[in-house]
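A look at the structure
The chain contents come next:
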Amino acid sequence: MKLIQELDPYKSGHAGHSNRVFSVKFSKDDPNILISGGWDNNIVIHDLREKGPVNAIIGANICGDSLDFSGNKILSGSNRMDKQLQIWDLDTTKLLHTIDWNGKGIFKDNEHCRVFCSKFLTHTDTGKEYILAGGGITNEIRLFNSEFEPIVKIGEFSRG
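Quick look at the structure, then. (Residues numbered from 1 in each chain as written. Predicted model: local features only at pLDDT ≥ 70, side-chain atom pairs only at ≥ 80, totals over all residues. Heavy atoms only, no water.)

Let us look at the pairing of strand β12 (residues 150-154). Regular strands show a simple pattern: their side chains alternate between the two faces of the sheet. Two strands pair when backbone bridges link them, and strand β11 (residues 140-144) and β12 are joined in this way by four bridges, in the antiparallel orientation. Across the sheet, the residue bridging to Phe144 is Pro150, located in β12. Hairpin connection from β11 to β12: five residues lie between these consecutive antiparallel strands, with Phe148 at a positive phi of about 65°. (Pairing = 2+ DSSP bridges. Helix = DSSP H or I, 4+ residues; strand = E, 2+ residues; numbered from the N terminus.)

Structure (structure tokens):
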């Protein structure tokens, strides 16, 4: 195996991570762009053409495979008791939406979940976008519709 490229956090003028990294994802739309997230509350945006970080989003505490892309949107699932699921704009790094874990829908249990995994899903027939996420404390998985309301809850697992 041969090393093709090494990313240097100091070459681009943007800092890299200062703690453990738990999730790395390549953009499906641009193979030069990848994001990484971890315990340092940063999502670092890397560009292979620049050989390092080009931007960062501050505020997401990533502790599992909880980063994903959908077009120009970044989904983050954080290991915290509120504001666990957030959607960010890749270009501007602005927060687009914070998803309420309990929503206003069918689940009014006011449970808190520390998210360890999150993913964008697209229905093959309708093209509608969903978000699937799961984690600890409540040891459950929830599916959110395109209006960001929880519509399915799979839970009551004995361990997270």
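Back to the text.
Sheet strands pair via backbone hydrogen bonds, and the direction of the pair is either parallel or antiparallel. If you trace the four strands from one edge of the open sheet to the other, you get β1-β2-β3-β4, paired in antiparallel fashion. The open sheet has two free edges, formed respectively by β1 (21-26) and β4 (52-58), since each of these has just one partner strand. Direction aside, neighbouring strands of the sheet carry axes that sit 20° apart on average. With six bridges joining them, strand β3 (residues 42-47) and β4 adopt antiparallel strand pairing. In the strand pairing of β4, Val44 is matched with Ala56. (Axes fitted to C-alpha atoms, helices over the stretch in contact; angles between N-to-C directions.)

Take the nonpolar core next. One finds Ile33, Ile35, Ile43, Ile45, Ile57, Ala60, Ile62, Leu67, Phe69, Ile74, Trp88 and Leu90 forming the largest nonpolar core, which totals twelve residues. For this core, the secondary-structure elements that each account for two or more residues are β2 (33-38), β3 and β5 (67-70). Here Ile74 is in contact with Ile35, Ile43, Ile45, Ile57, Asp68, Phe69, Gln86, Ile87, Trp88, Leu90 and Phe120, once residues within four sequence places are set aside. Of all hydrophobic cores here, the second largest spans eleven residues; its members include Leu85, Ile99, Trp101 and Val115. (Core = buried A, V, L, I, M, F, W, Y, C linked by side-chain atoms within 4.5 Å. Buried < 20%, exposed > 50% of the residue type's maximum accessible area, 1.4 Å probe, protein only. Contact = heavy atoms within 4.5 Å.)

Our next topic: the environment of Asn55. Along the chain, Asn55 falls in strand β4. Distance in space between the C-alpha atoms of Asn55 and Gly16 is 9.4 Å, their sequence separation being 39 residues.

Looking now at the sheet that holds strand β6 (residues 73-77). Sheet architecture is open: four strands sit in the order β5-β6-β7-β8, paired in antiparallel fashion. Each edge of the sheet is formed by a strand with only one pairing partner; in this case those strands are β5 and β8 (95-99). Along the sheet, successive strands turn relative to each other by an average axial angle of 20°, direction set aside. The pairing of β5 with β6 spans four bridges and is classified as antiparallel. When the bridges of β6 are listed, Leu67 appears paired with Ser76.

Take the side chain of Arg80 next. The topology assignment puts Arg80 in the loop between β6 and β7 (85-89). The charged side chain of Arg80 is buried without a salt bridge, its nearest counter-charge being Asp82 at 4.8 Å. A polar contact of 3.1 Å, which involves the side chain of Arg80, links it to the backbone oxygen of Asp82. Within the local environment of Arg80, its side chain forms a polar contact with the side chain of Gln86, the two groups lying 2.9 Å apart. Those residues in contact with Arg80 that sit more than four places away from it in its chain are Gly59, Ala60, Asn61, Gln86, Cys113 and Arg114. (Lys, Arg positive; Asp, Glu negative; His and termini not counted. Salt bridge = Lys/Arg side-chain N within 4 Å of Asp/Glu carboxyl O. Polar contact = N/O pair within 3.5 Å; in protein donor to acceptor, adjacent residues only side chain to side chain.)

Moving on to the pattern of salt bridges. All told, the structure shown has seven salt bridges when counted by the stated rule. Across the salt bridge formed by Asp65 and Lys25, the nearest N and O atoms sit 2.5 Å from each other. Taken together, the residues Asp65 in the loop between β4 and β5 and Lys25 in strand β1 connect sequence positions 40 residues apart. Note that Asp47 and Arg49 form a salt bridge whose closest N and O atoms lie 2.9 Å from each other. Here Asp47 falls in the buried class, since its relative accessible area comes to 9%. The exposure class assigned to Arg49 is partly exposed, which follows from its relative accessible area of 49%. Each of the salt bridges in this network shares a partner with another, and the network as a whole consists of Asp30, Asp47 and Arg49.

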